[in-house]
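Coordinate analysis (summary)
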Amino acid sequence: MAAAVCKLFNNVKLDIGPSTDDGFYYDFDMEHRLAPEDFPAIEAEIRSIIKAGLPFERLEVSRAEAAAAFAGQTYKLERLADIPEGETVSLYRCGAFVDLCRGPHVATTADIGAVKLMAVAGSYYRGDEKNAMLQRLYGMADVSQEALDAALTRIEEAKKRDHRKLGKELELFSISEDVGPGLAHWHPKGARIRVAIEDYWRREHFRAGYEMIFTPHVGRSQLWETSGHLNFYREGMFPSMNLTEGEGSHASVDQYYVRPMNCPFHIQIYKTRRYSYRDLPLRWAELGTVYRYEKEGARLGLLRVRGFTQDDAHIFCTPEQIEGEVRSTVKFALHILRRFGFTDVTAYLSTRPEKAVGLPERWEQATHSLESALKAEGIAYHVDEGGGAFYGPKIDLKIKDALGRPWQLSTIQFDFNLPERFNLSYIGEDGKEHQPYMVHRALLGSLERFFGILIEHYAGAFPVWLAPEQVRLLPITAGQIDYVKGIEAKLREADIRVTVDADNEKLGAKIRKAQLEKVPYMLVVGGRDVEAGVVSVRSREAGDQGAMTVDAFMELLKVALKA
Ligand code: ZN
């Protein structure tokens, strides 16, 4: 692409052109302002380069030779200077085009099946707004036109499923710039889904032996000093609020911080009494809302927000219990993820980095317990040697959504730091004080981000148990309203989320509206249905299901609610 751009336009200065997860880009500095209208000509030039089957030739050169090759290419010369002294400088030549590149490359341009240019956007040199604004041209390539078309179809499908678009169309959530960026509002329909998620989450946690706790959203500076957040995490926190206590000469100022994490509060509950080994394990869960200062550019609808509710829990246990606790946590995570349709799970195990707190034997036991839990559950996993946080090893679970896109959801993270900092202890069998193991874990991550992922995974067509509106009653004329109201009351009594569309519209229009709003079941009621004491059932996926009694429909619904 860079060779084509250089051929078609004058005075092109090249910066870098890496591959990305879904394609590649190249940054150019040039007078001509690239626009989508230029894409066909650039693509045609690319096709002729591909057709020529030009070999990519690797050249290892001295710095002086490289500098000579890039005379006048200021960005390239600066990038060349970035390469540490003593490291090999390699160039790749393809026809007349030479680039500074680490490689590797395909053998010849003929190995490239198909290329499509996707977009052009401004991009500051080295990502710094003080530098020149370059033009970033994005493209995609694949081994064949068919493979590229399939990838483009997936992108189109992803656009259709974009949770920001569907969130608006289905009236699920919004983000108000007046309130502040990255702060989500759950609308009634979104809130119904959230309540369904939370109800399920709480019930399953109680069943799994967790207790629920509720803790404050703000805490004094001394708490955050003890936890270390003010030292190590300050740039991720909202600035402090100063509260004046007392008056006149007795006045003192307390600094409060809105919390970026729930852990210090859970620890405060732990510290209110003494525990013996017999009291452990403690599993304390909270849908804990936290606030973090995410940089402006990094936010993406619900996927990166500044205020969010973690499905958090902390486990405090003894060394004897840790293996069992980790194993049941992994099992529990898989159980919860499965309920939301996520069955393709891959784990990432991060082990001890060079700089770490905590006894080596504790790291060993913790890491071993994480790995053996993954083995026992038969989950494919990758080991990131030395990739753990300084305070403990962890497992991250990534799922694949309906489009095959990976998302990291669950995390199970040991902490050898906070028990030390807060001086946590329990009395062991030996009558002596010991430090408990502490594990942080979140299974869905945050409800906001999880909701964004769910919207895209289901393309807004939520399964019956999550759907904000499960059943819609469609009377054909006003004559059926009373009958329909009776059915509505009966369904509502059974905790079914049901509404009546009593608008004076044609049935076809009502059905289309319910389809667009992705309501799983429509119950059509005409004069004959009233006489026969039935409803005509239409399902979102399977269409007409025929007439049945309300009781028969409720049996059908019971089965659908489990799916
Ligand atoms: Zn925590």
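What follows deals with helix α12 (residues 360–377). With 18 residues, α12 should cover 26 Å at 1.5 Å per step; its first-to-last C-alpha distance of 26 Å lies within 8% of that length. The set of residues buried in α12 consists of Arg-362, Trp-363, Ala-366, Thr-367, Ser-369, Leu-370, Ala-373 and Leu-374. On an axial view of α12, the arc spanned by its buried residues comes to 155 degrees, and they lie on one face. Structural note: α12 exposes Glu-361, Glu-364 and Lys-375 on the side pointing more than 90 degrees away from its buried face. Tucked into the core, α12 has its buried residues touching α11 (319–339), β17 (345–350), β18 (380–384), β19 (394–400), β20 (406–415) and β23 (437–446).

To continue, consider the domain arrangement of the protein. Examined at the domain level, the protein breaks down into domain 1 (2–161), domain 2 (173–217 + 259–339 + 401–458) and domain 3 (471–562). Using C-alpha coordinates to define each centre, domain 1 is positioned 57 Å away from domain 3.

What follows deals with the sheet that holds strand β15 (residues 282–291). Spatial ordering of the open sheet is given by β11-β15-β16-β23-β20-β19-β17-β18, a layout of eight strands whose pairing is mixed. The two strands at the open ends of the sheet, each matched to only one other strand, are β11 (211–212) and β18. One ladder, built from five bridges, connects β20 with β23; its direction is antiparallel. Counterpart to Gln-413 in the pairing with β23 is His-440.

Further remarks concern the coordination of the zinc ion. Looking at the zinc ion, the protein donor atoms are Cys-263 (SG), His-314 (NE2) and His-440 (ND1), and they sit 1.9 to 2.3 Å from it. Here the donor residues of the zinc ion are spaced in sequence according to C-x50-H-x125-H. With a gap of 177 residues between them, Cys-263 in helix α10 (residues 263–270) and His-440 in strand β23 connect regions that are remote in the sequence. Its relative accessible area of 5% is what places Cys-263 among the buried residues. Taking relative accessible area as the criterion, His-440 reaches 11% and is therefore assigned buried.

Next up on the list: the pairing of strand β24 (residues 471–475). Within β24, five of the five residues are buried, leaving the element largely enclosed by the surrounding structure. Handedness of the crossover joining β24 and strand β25 (residues 498–500) through helix α15 (residues 481–493): right-handed. The pairing of β24 with strand β26 (residues 521–525) spans five bridges and is parallel. What sits directly across from Leu-473, in β26, is Leu-523.

Glancing now at the packing of α15 against helix α18 (residues 550–562). Between α15 and α18, the least distance of the axes is 12 Å, while the angle of their chain directions is 35 degrees. The handedness of the crossing between α15 and α18 comes out as right-handed. Between α15 and α18, the contacting residues are Ile-487, Lys-490 and Leu-491 on the first element and Val-550, Asp-551 and Met-554 on the second.

A few words now on the pattern of salt bridges. Considering all chains together, one arrives at 37 salt bridges under this definition. The partner of Glu-325 in a salt bridge is Arg-283, and the shortest N-O contact between them spans 2.8 Å. You can see Glu-325 sitting in helix α11 and its partner Arg-283 sitting in strand β15, a full 42 residues away along the chain.

Glancing now at the nonpolar core. Formed by 61 residues in total, the largest nonpolar core has its most connected members in Phe-340, Phe-462 and Leu-466. Examining the composition of this core, we find that eight residues originate from one element, α11, more than from any other. Formed by 21 residues, the second largest nonpolar core is a distinct cluster that contains Met-1, Leu-14, Met-30 and Phe-97.

The five strands are arranged β25-β24-β26-β27-β28 in an open sheet whose pairing can be described as mixed. Of all strands in the sheet, those with a lone pairing partner are β25 and β28 (543–548), marking the two edges. In this sheet, adjacent strand axes meet at a mean angle of 25 degrees when their direction is disregarded. In the sheet, β26 pairs with strand β27 (residues 535–539) via four bridges, with the strands oriented antiparallel. Bridge pairing in β27 places Val-524 opposite Ser-536. Along the sheet, helix α16 (residues 507–516) contacts β24, β26 and β27; its crossing angle with β24, the most-contacted strand, is approximately 170 degrees.

Attention now moves to helix α4 (residues 74–82). The periodicity of an α-helix, 3.6 residues per turn, causes residues three or four places apart in sequence to face the same way. Those residues of α4 that sit buried are Tyr-75, Lys-76, Arg-79 and Leu-80. The buried residues of α4 occupy an angular sector of 140 degrees when projected down its axis, which confines them to one face. Elements in contact with the buried residues of α4: β1 (13–14), β3 (23–29), α3 (63–69), β5 (89–94), β6 (97–100) and β8 (133–142).

Within the structure shown, the criterion is met by 24 aromatic pairs. Ring centres of Tyr-270 and Phe-316 lie 4.7 Å apart, and the angle between their planes is 35 degrees; on these two criteria the pair is classed as tilted. Of this pair, Tyr-270 sits in helix α10 while Phe-316 sits in strand β16 (residues 307–317), and the two are 46 residues apart along the sequence. With respect to burial, Tyr-270 and Phe-316 carry one shared label: buried. One cation-aromatic arrangement involves Arg-352 over Trp-363; the distance from NZ or CZ to the ring centre is 5.6 Å.

A few words now on the environment of Lys-355. Locating Lys-355 in the fold gives a position in the loop between β17 and α12. Taking the relative accessible area as the measure of exposure, Lys-355 reaches 74% and is therefore exposed. Residues Lys-355 and Ala-389, 34 residues apart in the sequence, show an inter-C-alpha distance of 9.0 Å.

A few words on unusual backbone geometry. Note the cis peptide between Gly-103 and Pro-104, where omega equals -5 degrees. Relative to the elements of secondary structure, Pro-104 occurs in the loop between β6 and β7 (114–124). Look at the link from Leu-280 to Pro-281: it is a cis peptide, with omega at 0 degrees. Inspection of the secondary structure puts Pro-281 in the loop between α10 and β15. One non-glycine residue, Ala-459, lies in positive phi territory at about 50 degrees. Note on placement: Ala-459 falls in the loop between α14 (447–457) and β24. What makes Ala-459 buried here is its relative accessible area of 18%. One non-glycine residue, Lys-518, lies in the positive phi region at around 60 degrees. Looking at the element boundaries, Lys-518 is found in the loop between α16 and β26. Given a relative accessible area of 24%, Lys-518 falls into the partly exposed group.

What counts, and at which threshold
- Residues numbered from 1 in each chain as written.
- Predicted model: local features only at pLDDT ≥ 70, side-chain atom pairs only at ≥ 80, totals over all residues.
- Heavy atoms only, no water.
- Helix = DSSP H or I, 4+ residues; strand = E, 2+ residues; numbered from the N terminus.
- Expected span 1.5 Å × (residues − 1).
- Buried < 20%, exposed > 50% of the residue type's maximum accessible area, 1.4 Å probe, protein only.
- Arc of directions from axis to C-beta.
- Contact = heavy atoms within 4.5 Å.
- Domains from an automatic or database assignment.
- Pairing = 2+ DSSP bridges.
- Donors = N, O, S within 2.8 Å, 3.2 Å for Na, K, Ca; no water.
- Right-handed = clockwise from strand over helix to strand, strands pointing away.
- Axes fitted to C-alpha atoms, helices over the stretch in contact; angles between N-to-C directions.
- Left-handed = near helix turned anticlockwise from the far one by under 90°.
- Salt bridge = Lys/Arg side-chain N within 4 Å of Asp/Glu carboxyl O.
- Core = buried A, V, L, I, M, F, W, Y, C linked by side-chain atoms within 4.5 Å.
- Phe/Tyr/Trp six-rings, centres within 6.5 Å; stacked < 30°, edge-to-face > 60°.
- Lys NZ or Arg CZ within 6 Å of the ring centre and 35° of its normal.

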